[in-house]
Every structure is written in C-alpha cells, then in structure tokens.
Amino acid sequence: MVRNRVYKTDAVVLKQMPLGETNRIITFYTREYGKIAAIARGVRRPGSKFGGSLEILNHVEAAFGRGRSLDSVNECVVINSYKYLRQNLTAIAQGIYIAELVDIFGEDRSANIRLFEILSETLSNLDRYENSEFWVLWFEFRLLHFSGFLPEFIDCVECRSPLDRSDHTFNPVAGGILCPLCADSDVNDQSWVVSVTGLTVLRYFQRSLELTLGQADADISVVDLLDVKTFLRIYMRYIAERDFKSTGFLDLIKFKNN
Ligand SMILES: [Zn+2]
C-alpha cells in the first residue's frame, strides 16, 4: 500500500475532544479510509484557519498529514453544514445519535463506502425532510444490513414458509421471524413478539434496500413507527450484548429508547 504523506478525502465529523490548550482530536468517518482520528492544531485559538469547519456532523473535504502516532488535519473545507438540521434540537440529537452509531460500527482505517453514504444521506434527509424519526429508523435498518446483522422478515427463518399478516415471534438467535408452528416449538427465552404494524414497516424497509427514499415514503409510514423503533432498539441491544462489549453502546441504545 502506498502511504502518501498527505491525503485528502470526503468525511463527516463524528466527534471531537480537547487536547492541550489549543488543539482538538477530531474523529472523522471518511469515504475512502473509514474512521480516522486526527489532531487539529490551533483549532481552539481565536481566528483559527479551521473556523467552524470542524463542527460535529459537518460534511467536509479534509486534507490530512501522516504523523507518527496521530495524523493531523491540514485543511478542512465544508461541503454541507446541514443548516436546517441545526435549527431543530430533535434533529441535532438524532444526528449525534447516528454519528455515535457510526463511531461504534465503523472500523478504524477500513473503508465502508456504503456506511459513509448512508451516514451523509441521512444527515441530508434530516436537513431536508420532515418526519426525522423515520430517517433515523431507516438509517438503523441499513446500518444492520451493511454490517451483516439484518434478520429475516419475509419468510419463517426455520421452515421457510411464507408468513401471513399478523403478529409474529422474533427469535434473535435464529436471526428472524418464526411462523406460528415453529413458534410453538420455540424454546428460546430471548424471543419476543413483533406486531403486524412493526413487521409491515420492517418488510417495507427490506424491500426498499436498493432504493433512495424521499419525503413521500416517510409520510406513508408516519403513523406506524413506534413498533419498528421498539423492535430495532431491542434487537440492537441484543447484538450489542453479543457482539459489542462496549457498555457505551448499551447506554446509547437505552438512552435513545426513552
Ligand atoms: Zn416455520
């Protein structure tokens, strides 16, 4: 691999923390290199060359210089600061929640272009469209899909028979929904029931994976989101306990479920 001394990429600012008197460590999710933490020197000085370009959630084009331990941010130009999102406290909280999920699911210096795309697309959706809750759930669903954790919602995960329109048992160990016959012999004490309204939205999401959704799609589902939200948060907690030992992730999911 060629390791250029300087490299440039599209990125979203996920988080920042102070370092010394005038610097910050900025965590980015980049299109080409996955997650990167880098020092922005002098960013806390008045009149810093970075201005407001390193605000959390900004979509930027940034140039980095390789360092011995941490790389540094050389330049940063804002592509989109999501002006309308920033006027809405709920949307800001939702944007930060999404950034935190990407910080946990995204790997250091390992590109996942689909993850970058759903992150920047969701911030645009929160900026442009109504019904922000829908965009957060659509993001979570695709995050599970692109991370390889998405369960089966169309057919019974055990016997493959098609499922009728009713409430069904979800078995997280088997990785999907059970038909009534298979549910009768299910002895997994971690299974739970997903309502027909929740399943309708989950299947709609599953069928839409290759599509770009817009405001009209969000409007259709506006009434039915509580059940799908509950499902996604319980399922993500299950994955967190199995695959992410981070208690920060558990706290995040618990907090955002309230
Ligand atoms: Zn079955």
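Above this note sits the structure.
Thresholds, definitions, all that
- Residues numbered from 1 in each chain as written.
- Predicted model: local features only at pLDDT ≥ 70, side-chain atom pairs only at ≥ 80, totals over all residues.
- Heavy atoms only, no water.
- Helix = DSSP H or I, 4+ residues; strand = E, 2+ residues; numbered from the N terminus.
- Donors = N, O, S within 2.8 Å, 3.2 Å for Na, K, Ca; no water.
- Buried < 20%, exposed > 50% of the residue type's maximum accessible area, 1.4 Å probe, protein only.
- Pairing = 2+ DSSP bridges.
- Axes fitted to C-alpha atoms, helices over the stretch in contact; angles between N-to-C directions.
- Contact = heavy atoms within 4.5 Å.
- Core = buried A, V, L, I, M, F, W, Y, C linked by side-chain atoms within 4.5 Å.
- Salt bridge = Lys/Arg side-chain N within 4 Å of Asp/Glu carboxyl O.
- Parallel < 35°, antiparallel > 145°, perpendicular 65-115°, else oblique.

1. Considering unusual backbone geometry
Next, step 1: Here Leu57, not a glycine, exhibits a phi torsion of approximately 85 degrees, which is positive.
Next, step 2: Structurally, Leu57 can be placed in the loop between β3 (34-40) and β4 (59-65).
Next, step 3: Residue Arg109 is not a glycine yet carries a positive backbone phi of 50 degrees.
Next, step 4: Mapping Arg109 onto the fold places it in the loop between α1 (89-105) and α2 (113-128).

2. Overview of the coordination of the zinc ion
Next, step 1: Around the zinc ion, the protein contributes the donor atoms Cys156 (SG), Cys159 (SG), Cys179 (SG) and Cys182 (SG), at 2.3 Å from the metal centre.
Next, step 2: Positions of the donor residues of the zinc ion, expressed as sequence spacing, correspond to C-x2-C-x19-C-x2-C. Of this pair, Cys156 sits in the loop between α3 (132-146) and β6 (168-171) while Cys179 sits in the loop between β7 (176-178) and α4 (180-184), placing them 23 residues apart in sequence. For the residue pair Cys156 and Cys179, the accessibility class agrees, reading buried in each case.

3. Examining the sheet that holds β7
The strands that make up a sheet are held in pairs by hydrogen bonds between backbone atoms, and each pair lies either parallel or antiparallel.
Next, step 1: Pairing in this open sheet of three strands is antiparallel, and the strands run β7-β6-β8 from one edge to the other. Edge positions in the sheet fall to β7 and β8 (192-194), since each has one partner strand and no second. The mean angle between the axes of side-by-side strands here comes to 50 degrees, regardless of whether they run parallel or antiparallel.
Next, step 2: The pairing of β6 with β7 spans three bridges and is classified as antiparallel. Of the residues in β7, the one forming a bridge with Asn171 is Gly176.
Next, step 3: Where helix α5 (residues 196-207) meets the sheet, it contacts β6, β7 and β8, and its direction lies at approximately 70 degrees from that of β8.
Next, step 4: Set on the sheet, helix α7 (residues 225-243) makes contact with β6 and β8; between it and β8 the angle comes to about 145 degrees.

4. Description of the nonpolar core
If you look at soluble globular proteins, the nonpolar side chains tend to sit buried side by side.
Next, step 1: Counting 60 residues, the largest nonpolar core has Leu202, Phe205, Phe231 and Tyr235 as its most contacted members.
Next, step 2: Aside from chain neighbours lying at most four places away, what touches Leu202 is Phe141, Phe153, Val194, Val228, Phe231 and Leu232.
Next, step 3: With 16 residues, the next largest nonpolar core counts Tyr7, Phe28, Ala38 and Ala40 among its residues.

5. Things to note about the pattern of salt bridges
Charged atoms that come close allow side chains of opposite charge to pair.
Next, step 1: For the coordinates displayed, the defined rule picks out 12 salt bridges.
Next, step 2: Across the salt bridge formed by Lys15 and Asp103, the nearest N and O atoms sit 3.0 Å from each other. Here Lys15, found in strand β1 (residues 6-19), pairs with Asp103, found in helix α1; they are 88 residues apart in sequence, far enough to count as distant.
Next, step 3: Judged by relative accessible area, Lys15 falls into the partly exposed class, the value being 40%.
Next, step 4: With a closest N to O distance of 3.7 Å, Lys229 and Glu133 form a salt bridge. A residue pair is termed long-range when its members are at least 10 positions apart, and Lys229 in helix α7 and Glu133 in helix α3 qualify at 96 residues.
Next, step 5: With a relative accessible area of 15%, Lys229 lands in the buried category.
Next, step 6: One network of salt bridges, in which partners are shared, links Asp10, Arg31, Arg114 and Glu117.

6. What about the packing of α1 against α3?
Next, step 1: Two elements in contact, α1 and α3, have axes separated by 10 Å at closest approach and are oriented at 5 degrees. As far as their axial angle goes, α3 and α1 are roughly parallel. The residues of α3 that touch α1, namely those facing Thr90, Gln94, Tyr97, Ile98, Leu101, Val102 and Phe105, are Ser132, Glu133, Val136, Phe139, Glu140 and Leu143.

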